[in-house]
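# Tertiary structure, described
Listed below are the residues making up each chain.
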Amino acid sequence: MAGVGPDVLVVGAGPAGSVAAALLAQRGYQVLVQERQHFPRFSIGESLLAYSTQLLLEAGMLDAVLAGGFQFKNGATFVCDELYSEFNFANKVTAGCSFTFQVLRSEFDHLLAKEAERHGATVSYGVEITAIDVRGAQPQVTTRTEAGDVTVYRPRFVLDASGFGRTLARLLELEQPSSFPVRAARFCHIKDGIVAGAFDRQKIRIGINPTNRDVWSWLIPFPNGHSSLGIVASRDHLARYAGTDEQQFWAMVGDEPKLRILLEAAHTVRPIGEIVGYAASVKALHGPGFALLGNAAEFLDPVFSSGVTIALHSAKLAAQVLDRQFRGEAVSWQQEFTDPLMFGIETFRTFVSGWYDGSLQDVIFYPDKNPSIHRMICSVLAGYAWDPANPYTGPSSARRLRALAAVCRAGGLAGAEAATGRP
Ligand SMILES: Cc1cc2nc3c(=O)[nH]c(=O)nc-3n(C[C@H](O)[C@H](O)[C@H](O)COP(=O)(O)OP(=O)(O)OC[C@H]3O[C@@H](n4cnc5c(N)ncnc54)[C@H](O)[C@@H]3O)c2cc1C
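Predicted model only: the values in this text are computed from it and were never measured. Residue positions are counted from 1 within each chain, in the order its sequence is given. Only residues with pLDDT of at least 70 are given local features in this predicted model, and only at 80 or more are side-chain atom pairs given and counted; all residues enter the totals for whole chains, interfaces and linings. Side-chain measures here rest on the full set of heavy atoms in the structure, leaving out hydrogens and waters.

### A word on helix 2 (residues 50–58)
An α-helix turns once per 3.6 residues; consequently, residues spaced three or four apart project the same way. Burial classification: accessible surface area is computed with a 1.4 Å probe over protein chains only, and a residue below 20% of its type maximum counts as buried, one above 50% as exposed, and the rest as partly exposed. Numbering of helices and strands runs from the N terminus; a helix is a DSSP stretch of H or I covering at least four residues, while a strand is a stretch of E covering at least two. Here helix 2 lies mainly inside the structure; 7 of its 9 residues are buried. Contacts between residues were defined by any pair of non-hydrogen atoms, one from each residue, lying within 4.5 Å. Residues of helix 2 that are buried in the fold lie against helix 1 (15–26), helix 3 (62–67), strand 7 (100–102), helix 4 (105–118) and helix 9 (307–326). Backbone geometry just downstream of helix 2 places glycine 60 in the positive-phi region, at approximately 75°.

Next up, the structure:
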């Protein structure tokens, strides 16, 4: 059956899809979001960054999120045996919100989708995008409901926000391997039993296995005495553990002594989940009549909780370009969407690479921190990865971080100032 085309058809009602839909509906466009699942549904990615709060504010969704009662988050802690480092987002150099949330994504994503509807978008659930043809003047999108009803839409533009579904990347053969090796995450929700005061519940805790420093854990507290707990490692490392999923999981927790002590009264309240090989990339972030948002385009690694922030920033950029295009202005998706989006993705790529090669861990745990550099690193960890005034952002961030790590390893502090490339 042929469906009338909305102005914009959005694939998926995750954070990227809902925020893009809201921003475009606010500008008066007809937006149809097609989501294949029914909400609320589980999703991984529960710790947000402060810049995502800024983006929710700009999308007119922050009041609803504040009313949602999510766990307040103001920073991150890093622990490796006796090494400890704390980042408070209030210390960031970039202007903007300095707090955020730790969320059950089932509730958070549902709330954002309802907010998109409140702003004027239509959201349909149980509808999957199964085909797309972008050879004509307007894209032709085929959808199928769970009952098997097929509809063909001719929207003016398609935004793919289908996350790990990677719908357009698959259908248009845009997928390409990530530059990162295959890693796996095992995770669950726990009743954490953490003694009051033993841990700052307003911060994500990133723990490092002291004997395998590329094996790390996340502990993301929720408000009700529950937490999200996950371990990330190579597949080879995971293969060392025997027993049931639970036994393997708690054995890995036990390999991090400080975490084992913190969680000695904990038990799981949700079965252990696993995602293997989550890193993904694409050959192009846009094409005729379409653009890819959030995880539908690129996913690096969970270590700095950057996924939702990248998703929301991509939604913001796409909505801006599309609005100008619809108003008849000449736009360049490369210069106004892909290049600016990649600037921040490159920042996070630098930080993820530095995490696994150990250089960023050396910077994070360096005892005699230079305060101004600490604030710049803090800005990126708070999600402000697109700030061109911060020396540790963008394509040159890799060189700067390498220089800083070398200074930290040599134990010098005066040189650390020079490593920023700034006075
Ligand atoms: C182990 C792990 C831990 C992570 N931890 C964090 C974290 O702490 N913080 C963080 O910010 N990020 C984290 N992430 C990343 C985070 O999960 C994603 O980046 C984020 O969910 C991306 O949002 P999105 O809107 O792009 O896509 P999603 O949230 O994945 O939403 C996509 C939606 O599209 C729908 N869909 C898919 N295919 C179709 C189709 N063909 N038709 C219609 N609908 C479709 C799906 O049902 C889904 O609802 C983590 C990722 C992993 C793997």
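### Overview of the site of the ligand
Only a single heavy atom is needed: when it lies within 4 Å of a molecule or strand, its residue is near that molecule or strand. Looking at the ligand, there are 36 residues lining it, with Glu35, Gln37, Ser47, Asn295 and Val308 nearest. Pairs of N or O atoms are called polar contacts if they sit within 3.5 Å, as long as, within protein, a hydrogen donor faces a hydrogen acceptor (for residues adjacent in sequence, only side-chain-to-side-chain pairs). The separation between an oxygen atom of the ligand and a polar main-chain atom of alanine 16 is 2.9 Å. A distance of 3.0 Å separates a nitrogen atom of the ligand from a polar atom in the backbone of isoleucine 129. We get accessible surface area from the Shrake-Rupley algorithm with a probe of 1.4 Å; when it comes to residues, only the shown protein chains can shield them. For the ligand, whose unbound accessible area comes to 1000 Å², protein coverage reaches 97%. Sorting the residues of the shell around the ligand by element identifies helix 1, strand 3 (31–35), strand 9 (127–133) and helix 9 as the ones contributing at least two each. In terms of residue class, the shell around the ligand is built from 16 nonpolar, 14 polar and 6 charged. Any residue that is not Ala, Val, Leu, Ile, Met, Phe, Trp, Tyr, Cys, Pro, Asp, Glu, Lys or Arg is counted as polar, Gly included; the first ten are nonpolar and the last four charged.

### A closer look at helix 4
By this rule the span expected of a helix is its residue count minus one, scaled by 1.5 Å. With 14 residues, helix 4 extends 19 Å between its outermost C-alpha atoms, agreeing within 8% with the 20 Å of an ideal straight helix rising 1.5 Å per residue. Among the residues of helix 4, Arg105, Phe108, Asp109, His110, Leu111, Leu112, Ala113, Glu115 and Ala116 are the ones counted as buried. Of the surrounding secondary structure, the elements contacted by the buried residues of helix 4 are helix 1, helix 2, helix 3, strand 8 (122–125) and helix 9. Glycine 120 lies just past helix 4 and shows a positive phi near 115°.

### Focus on the sheet that holds strand 8
Here, a strand pair is defined by DSSP locating no fewer than two bridges between the strands. Pairing is mixed in the open sheet, where 6 strands are placed in the order 8-3-2-12-22-21. With one partner strand each, in any of the chains shown, strand 8 and strand 21 (286–287) form the two edges of the open sheet. For helices, the axis comes from a line fit to the C-alpha atoms of the stretch in contact; other axes are also lines fit to C-alpha atoms, and the angle between any two N-to-C directions lies between 0 and 180 degrees. Here helix 9 sits on the sheet in contact with strand 2 (8–11) and strand 12 (157–160), set at roughly 180° to strand 12.

### Looking at the state of the cysteines
Cysteine sulfur atoms are paired as a disulfide whenever they fall within 2.5 Å. Evaluated as defined, the whole model comprises 0 disulfides. No disulfide involves cysteine 378; its sulfur sits 14 Å from that of cysteine 97, the nearest cysteine.

### Quick look at the environment of isoleucine 44
Its place among the elements puts isoleucine 44 in the loop between strand 3 and helix 2. Given the relative accessible area of 21%, isoleucine 44 is considered partly exposed. Along the chain, isoleucine 44 and leucine 104 lie 60 residues apart, while their C-alpha atoms are 8.6 Å from each other. In this structure, isoleucine 44 is in contact with Arg105, Phe187, Trp218 and Ile275, ignoring residues within four places of it in sequence.

Read these as geometric descriptors, not functional statements.
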